[in-house]
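Close look at the chain arrangement
Spelled out, the chains give:
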Amino acid sequence: MKVTIDGQEIEVEAGTTILQAARMIGGEVVPPAMCYYSKLKGSGGKCRCCLVDVTKGSDADPRPMPKLMASCVTGCQDGMEIASKASPRVQEARKSVTEFLLINHPLDCPICDQAGECDLQNLSFEHGKSATRFIEEKRTFEPEDIGPNIQLHMNRCILCQRCVQVADQLTDNRVHGVMDRGDHANISTCISKAIDNEFSGNMIDVCPVGALTDKTFRFKSRVWFNKPYNAHRDCDKCCGKTTVWMFGNEIQRVTGRKDEYHEVEEFICNGCRFDHKEVSDWVIEGPREFEKDSVINQNNYTQKLEKVEIATEKNILLGRDQDRKKISMVSNPLDTNNKNS
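Below is a summary of the structure that appears in this document. (Residues numbered from 1 in each chain as written. Predicted model: local features only at pLDDT ≥ 70, side-chain atom pairs only at ≥ 80, totals over all residues. Heavy atoms only, no water.)

1. A closer look at empty space enclosed by the protein
Rules: In this analysis, the protein atoms alone were mapped onto a 1 Å grid. Cavities are point sets where a 1.4 Å probe fits without being able to get out; pockets are open sets with protein on both sides within 12 Å along at least five of seven lines; lining residues have an atom within 4 Å of a point. Grid points are joined across faces, edges and corners, and a volume is the space filled by probe spheres set on the points. Gly is placed with the polar residues, together with every amino acid not listed as nonpolar (Ala, Val, Leu, Ile, Met, Phe, Trp, Tyr, Cys and Pro) or charged (Asp, Glu, Lys and Arg).
Throughout the structure, instances matching the rule amount to four cavities of 30 Å³ or more. By volume, the largest cavity is sized at about 100 Å³. Forming the walls of the largest cavity are 14 residues, and the residues nearest its centre are Cys157, Cys160, Cys163, Cys207 and Leu212. Of the residues belonging to the lining of the largest cavity, the class tally is twelve nonpolar, one polar and one charged.

2. Considering the sheet that holds strand β7 (residues 150-152)
Counted only if it meets this: Any two strands with at least two DSSP-identified bridges between them are counted as paired. The secondary structure listing takes helices from DSSP runs of H or I that are at least 4 residues long and strands from runs of E that are at least 2 residues long, numbered from the N terminus.
If you trace the three strands from one edge of the open sheet to the other, you get β6-β7-β10, paired in antiparallel fashion. The strands lining the two open edges of the sheet, one partner per strand, are β6 (144-145) and β10 (212-214). Pairing between β7 and β10: three bridges, direction antiparallel. Along β10, the bridge assignment pairs Leu152 with Leu212.

3. Some words on helix α4 (residues 162-170)
Let me state the cut-off plainly: The buried label goes to any residue with under 20% of its type's maximum accessible area, the exposed label to any with over 50%, and the partly exposed label to all in between, with areas taken from a 1.4 Å probe on protein chains only. Only heavy atoms enter the contact rule, under which two residues are in contact if any of them lie within 4.5 Å.
Inspection of α4 places Arg162, Cys163, Val164, Gln165, Val166 and Ala167 among the buried residues, and these make up the whole buried set. Buried residues along α4 sit against α3 (119-127), β8 (176-179), β9 (186-189), α5 (202-206) and β10.

4. Some points on a negative patch on the surface
To keep it simple, the criterion reads: Here the term patch refers to residues with relative accessible area over 30% and no salt bridge, with like charges joined within 9 Å and nonpolar side chains (Val, Leu, Ile, Met, Phe, Trp, Tyr) within 5 Å. Per-residue and other accessible areas were derived by the Shrake-Rupley procedure at a 1.4 Å probe size, with only the shown protein chains allowed to occlude residues. Just to be clear on terms, a salt bridge is a Lys or Arg side-chain nitrogen sitting within 4 Å of an Asp or Glu carboxyl oxygen. Charged-residue counts in this description rest on Lys and Arg as positive and Asp and Glu as negative, His and the chain ends being excluded. The atom standing in for a charge is NZ when the residue is Lys, CZ when it is Arg, CG when it is Asp and CD when it is Glu.
On the surface, Glu9, Glu11, Asp78 and Glu81 cluster together into a patch of negative charge. One can find Glu9 in strand β2 (residues 8-11).

5. Thoughts on the packing of aromatic side chains
Convention followed: Note on aromatic pairs: the rings of Phe, Tyr and Trp (six-membered ring only in Trp) are paired at centre separations within 6.5 Å, and the planes decide the class, stacked below 30 degrees, edge-to-face beyond 60, tilted for the rest. By definition here, charges over rings are those cases where NZ of Lys or CZ of Arg is within 6 Å of the ring centre and within 35 degrees of the ring normal.
All told, the structure shown has one aromatic pair when counted by the stated rule. The ring of Tyr261 has Arg23 sitting right over it, with the charged end atom 4.3 Å from the ring centre. The ring of Trp282 has Arg233 sitting right over it, with the charged end atom 5.9 Å from the ring centre.

6. Here we look at the pattern of salt bridges
As enumerated under the stated definition, the model contains 14 salt bridges in all. Residues Lys56 and Asp59 are paired through a salt bridge, measuring 2.9 Å at the closest nitrogen-oxygen approach. The partner of Glu117 in a salt bridge is Arg253, and the shortest N-O contact between them spans 2.8 Å. With Glu117 in the loop between α2 (88-101) and α3 and Arg253 in strand β13 (residues 250-256), this pair connects stretches of sequence that are 136 residues apart. Both residues of the pair, Glu117 and Arg253, count as buried.

7. Considerations on the sheet that holds β2
Put simply, the rule is: Axis angles are defined between N-to-C directions and span 0 to 180 degrees, where every axis is a line fitted to C-alpha atoms and, for a helix, only to the segment in contact.
Read across the sheet, five strands follow the order β2-β1-β5-β3-β4 without closing on themselves; strand pairing throughout is mixed. The strands lining the two open edges of the sheet, one partner per strand, are β2 and β4 (69-70). Pairing analysis gives three bridges linking strand β3 (residues 51-56) to strand β5 (residues 80-83), with the strands arranged antiparallel. Across the sheet, residue Asp53 finds its bridge partner in β5, namely Ala83. Sheet strands touched by helix α1 (residues 18-25): β1 (2-5), β2, β3 and β5. Its angle to β1, the strand with the most contacts, is close to 75°. In the packing of α2 onto the sheet, the strands contacted are β3 and β5, and the crossing angle to β3 comes to about 160°.

8. Here's the deal with the pairing of β5
Of the strand pairs in this sheet, β1 and β5 are connected by three bridges, and their pairing is parallel. For Val3, the partnering residue across the bridge sits in β5 and is Met80.

9. Quick word on the environment of Cys118
Mapped onto the fold, Cys118 is located in the loop between α2 and α3. Remark: the alpha-carbon pair of Cys118 and His262, spanning 144 residues in sequence, is separated by 9.4 Å. Ignoring sequence-local partners within four residues, the contact set of Cys118 consists of Pro208 and Val209.

10. Remarks on the packing of α2 against α3
We count it as follows: Any angle that falls under 35 degrees is termed roughly parallel, while one over 145 is termed roughly antiparallel, one within 65 to 115 roughly perpendicular, and all others oblique. Handedness of a helix crossing follows the sense of rotation of the near helix relative to the far helix, less than a right angle counterclockwise being left-handed and clockwise being right-handed.
Two elements in contact, α2 and α3, have axes separated by 9 Å at closest approach and are oriented at 130°. Taken together, the axes of α2 and α3 are oblique relative to one another. Note that α2 runs across α3; the crossing there is left-handed. Within the contact between the two elements, α2 uses Gln91, Arg94, Lys95, Thr98 and Leu101 and α3 uses Leu120, Leu123, Ser124 and His127. Partitioned by chemical class, the residues of the contact of α2 with α3 number three nonpolar, four polar and two charged.

11. Regarding the environment of Ala14
With respect to the element layout, Ala14 can be found in the loop between β2 and α1. A relative accessible area of 73% places Ala14 in the exposed class. Residues Ala14 and Cys76 lie 62 residues apart in sequence; the distance between their C-alpha atoms is 7.3 Å.

What follows is the structure, given as structure tokens:
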């Protein structure tokens, strides 16, 4: 069956959602999504970021749908026509949803490890407002220790529930979930248990904000100073295919490989993520490429940058040459003689 999104027609199979069809087309017609995750069953329908305007229901029933629809849970119909980025109504709705998500979100970007790869940051950049109308006190939560590897910042959480679905679908005996109701709702463990399942680290990869971060990487470096490489190792628990983030010849963190929609290709185990931080543990395949507008891509090896001369005292820049060498992308992370910058 055929559907049309912002004037672009595509043929899809029965059961395809509007969001999936938009991703097949790609580009600016793809709605933002903060809760939907294609690798997790039953995700979507919570954040309302992916609202679209169905201007024609189908060839059989051409009437438009009166309300904006969540594209991640709305199935396509033959002859359906959808307005996404082209609709002023949709654009206004996304601004409102973004404003709502930011009501209780703290201004943690300067110190948050998720900065530079945060979906909420990207959403607010495109749809956010420069001022807030919210004058009430933001909700806050006391820090909670959920284990040695994962840091929970509940103040940043937007309750997308991806982490809960990861625990349900990848692990046994889930010990955390959504507690309380309304504006008191929060992610927590039932009786202050530690989350230590072998695949629990995937909660970090699926979290769209900085609510769940890697304790072993915490405050070490900004992500755009790291050089991401595809790497693999023989692992009897998972696929062993990861992205290693390096500063010089030091692996600072390990994550799953993500696609253009920031979804992991395959989930990885905690052993690969937390326990193997030596270069000798991995077979380095080569540097990754990121979307051209990503802040991480500003340090990508494919970009030709003009040399910047800083006219200042030499003593101020002591050690800067060594840092530049560590930050710059090189073709082989094991080649310490490579002088490319």
